[in-house]
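Spelled out from the first residue to the last, the chains are:
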Amino acid sequence: MGFEASHPAVNLLFFAAVIFGTLTFDHPVFLLISLLGAAAYSIRRNGKAAVRFDLCLIPAALLLGLCYSSTHHFGMTVLHQNFIGNNITLESLVYGCVVGFACAGFVMWMSCVYSVFSSDKTVYLFGRISPRLSLFLTIGLRMIPRIKGEARRINEARCAIGKGAGQGTALQRIGHGLRIFSMLISWVIGSLGTASDSMRSRGSGLRGRTAFSIYRFDNRDRALVVWLFGCITMTAVAALTGQTRLSYAPRILWQPMTGRSFLFAAFYGLLCLLPLGLEMYQEFCFHRAGRKL
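Worth saying up front: this structure is predicted, and the values here are computed from it rather than measured.

Asks: Would you take a moment to explain the overall build of the protein for this structure?
Replies: Scanning the protein for helices and strands turns up 10 helices and 2 strands. The secondary structure elements of the protein, listed N-terminal to C-terminal, are α-α-α-β-β-α-α-α-α-α-α-α. A compact globule built from 293 residues would reach a C-alpha radius of gyration of about 19 Å, whereas the protein, at 24 Å, exceeds it by more than 25%. Its C-alpha atoms give the protein principal-axis dimensions of about 65 × 60 × 50 Å. Among the 293 residues that make up the protein, the fraction classed as buried is 34%. When contacts within the protein are restricted to residue pairs at least 6 apart in sequence, those whose partners lie at least 24 apart make up 72%. As displayed, the protein has an accessible area near 17,800 Å², and 68% of this comes from carbon and sulfur atoms.

Asks: Please clarify how the packing of helix α1 (residues 8-24) against helix α8 (residues 219-240) should be interpreted in this entry.
Replies: Relative placement of two packed helices is described by the angle separating their axes and the distance separating the axes. Viewed as axis vectors pointing N to C, α1 and α8 meet at an angle of 15 degrees, and their least axial separation amounts to 10 Å. Judged by the inter-axis angle, α1 sits roughly parallel to α8. For α1 against α8, the interelement crossing comes out left-handed. Residues Val10, Leu13, Phe14 and Ala17 of α1 pack against Asp221, Leu224, Val225, Leu228, Phe229 and Ile232 of α8. Residue composition of the contact of α1 with α8, grouped by class: 9 nonpolar, no polar and 1 charged.

Asks: When you look at the packing of aromatic side chains in this model, what are you seeing that I'm missing?
Replies: Within a pair of aromatic rings, the relevant descriptors are the distance that separates the centres and the angle that separates the planes. Enumeration over the complete set of coordinates arrives at 11 aromatic pairs. Here the aromatic rings of Phe3 and Phe14 are separated by 5.2 Å at their centres, their planes lie at 70 degrees, and the arrangement is edge-to-face. In this pair, Phe3 sits in the segment before α1 while Phe14 sits in helix α1, placing the two residues 11 residues apart along the sequence. Exposure remark for Phe3: the relative accessible area of 0% places this residue in the buried category.

Asks: Any chance you could explain the pattern of salt bridges here in plain terms?
Replies: Side chains bearing opposite charge may pair, as long as their charged atoms lie close to each other. Counted according to the given criterion, the structure contains 6 salt bridges. One salt bridge connects Arg153 with Glu150, and the closest N-O pair in it is separated by 2.9 Å. One end of the pair is Arg153 and the other is Glu150, both in helix α6 (residues 131-159) and 3 residues apart, which spans about a single turn. What makes Arg153 partly exposed here is its relative accessible area of 48%. The exposure class of Glu150 is buried, given its relative accessible area of 15%.

Asks: What is the right way to read α8 from this model?
Replies: Residues spaced three or four apart along an α-helix face the same direction, because each turn holds 3.6 residues. Over its 22 residues, α8 extends 31 Å from the first C-alpha to the last, a length consistent with the 32 Å expected when each residue adds 1.5 Å. Turning to α8, its buried residues are Asp221, Leu224, Val225, Leu228, Cys231, Thr235 and Ala238. Relative to the axis of α8, the buried residues are bounded by an arc of 145 degrees and lie together on one face. In α8, the exposed positions angled more than 90 degrees off the buried face are occupied by Asn219, Val226 and Leu240. Looking at the packing, one finds that the buried side of α8 touches α1, α2 (28-46), α9 (259-272) and α10 (274-292). Two residues or fewer after α8 comes Gly242, characterised by a positive phi angle close to 80 degrees.

Asks: Looking at this structure, I do not really get a nonpolar patch on the surface. What am I missing?
Replies: There is a patch of nonpolar side chains on the surface, built from Leu23, Phe53, Phe106, Val107 and Met110 and spanning about 400 Å² of accessible area. Sort the elements by how many residues they give to the nonpolar patch and helix α4 (residues 90-116) lands first, with 3 residues. Its location among the elements puts Met110 in helix α4. When its relative accessible area of 36% is taken as the criterion, Met110 is described as partly exposed.

Rules behind the numbers
Residues numbered from 1 in each chain as written. Predicted model: local features only at pLDDT ≥ 70, side-chain atom pairs only at ≥ 80, totals over all residues. Heavy atoms only, no water. Helix = DSSP H or I, 4+ residues; strand = E, 2+ residues; numbered from the N terminus. Rg over C-alpha atoms; globule rule 2.2 N^0.38 Å. Buried < 20%, exposed > 50% of the residue type's maximum accessible area, 1.4 Å probe, protein only. Contact = heavy atoms within 4.5 Å. Areas by Shrake-Rupley, 256 points an atom, 1.4 Å probe, with all protein chains shown as cover. Axes fitted to C-alpha atoms, helices over the stretch in contact; angles between N-to-C directions. Parallel < 35°, antiparallel > 145°, perpendicular 65-115°, else oblique. Left-handed = near helix turned anticlockwise from the far one by under 90°. Nonpolar A, V, L, I, M, F, W, Y, C, P; charged D, E, K, R; others polar. Phe/Tyr/Trp six-rings, centres within 6.5 Å; stacked < 30°, edge-to-face > 60°. Salt bridge = Lys/Arg side-chain N within 4 Å of Asp/Glu carboxyl O. Expected span 1.5 Å × (residues − 1). Arc of directions from axis to C-beta. Patch = residues over 30% accessible without salt bridge, like charges linked within 9 Å, V, L, I, M, F, W, Y side chains within 5 Å.

Now the structure itself:
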C-alpha cells in the first residue's frame, strides 16, 4: 500500500507534472530537487539495481555536457579550444551538463513510471479515450518481459548444440546472434497474431463494449489531488515569475535566492517527494499498528 495504490489518474497527474518540470526547468536548484526526488523514489521502488543504474547516469550526463559544449559555441568565458579550433566555453559546458542531468532525471522518473503503472492502469486510463490505443499499449508492455524470457530460452537451447550467442569465433557469434534474432522475430509475429485473434474472439472491437476496473476515486485520492494542485500551482507561479529559469548566454547570470525563491523551491520539493513521503508514512503507520497488537 503506497503511492502505486492510488487512483491511476492521480499517478498520471503526478508523473506528468514532475517530468514536465524536469525537462523544462533549467535552474540548478529546481533541477537538483527533481533529481534527488527521482533518485530517492527509484531507489525506494527498485532497490540496489536502481542505485547502480542512477550512478551510471552521472558520468553519462557529464559526457553529454562535454559533447554539447564541443558542438554548441556560445558564452564569453573560454576554457579550451578543441582540435578544430572551436572554443569550449564555461557557459556552454554548464548548460550542457544541465541538459544532461535533465535527461538523467527524465530516465529516473520513467523507471518509476514503469514500476508504478501496470497494464491494468494503462487500460483503465486510455480504454475510454481510445480502446485500440489501450490495447496496443497493454500488449506492448506485456510483450517486453516475454521477449526477454523467450530470447533467453532460445539462446539456452542453441547453447546445448554449440550455437549460442557467446560460442564460437567472432564471426560465428555474429551469425548465431542473427539467427537467434530471426527466431525471436518469428516468435513475436506469431504471438501478436495469436493475441489479435484472442482479443477479436472476446469482442474487443465491438461498439459499446465496457471494461471492468477495480479503481475507485475515494477521499484519499481527493486529498492527494488537492495536495498536488496546491504544489503544482505554486510551481507554476514560480515558472511564470522566472524563478525556474537561468540565463546561460552570454554569461551565467545567477539570481540571488530570496525568501520567495526558497518558498517556491520548497513547494516543488514537496511535489517531487510526495510518493516517497507517502510510502514512508504508511510504512510507519503499519509498523506502529503492529507494535500495538
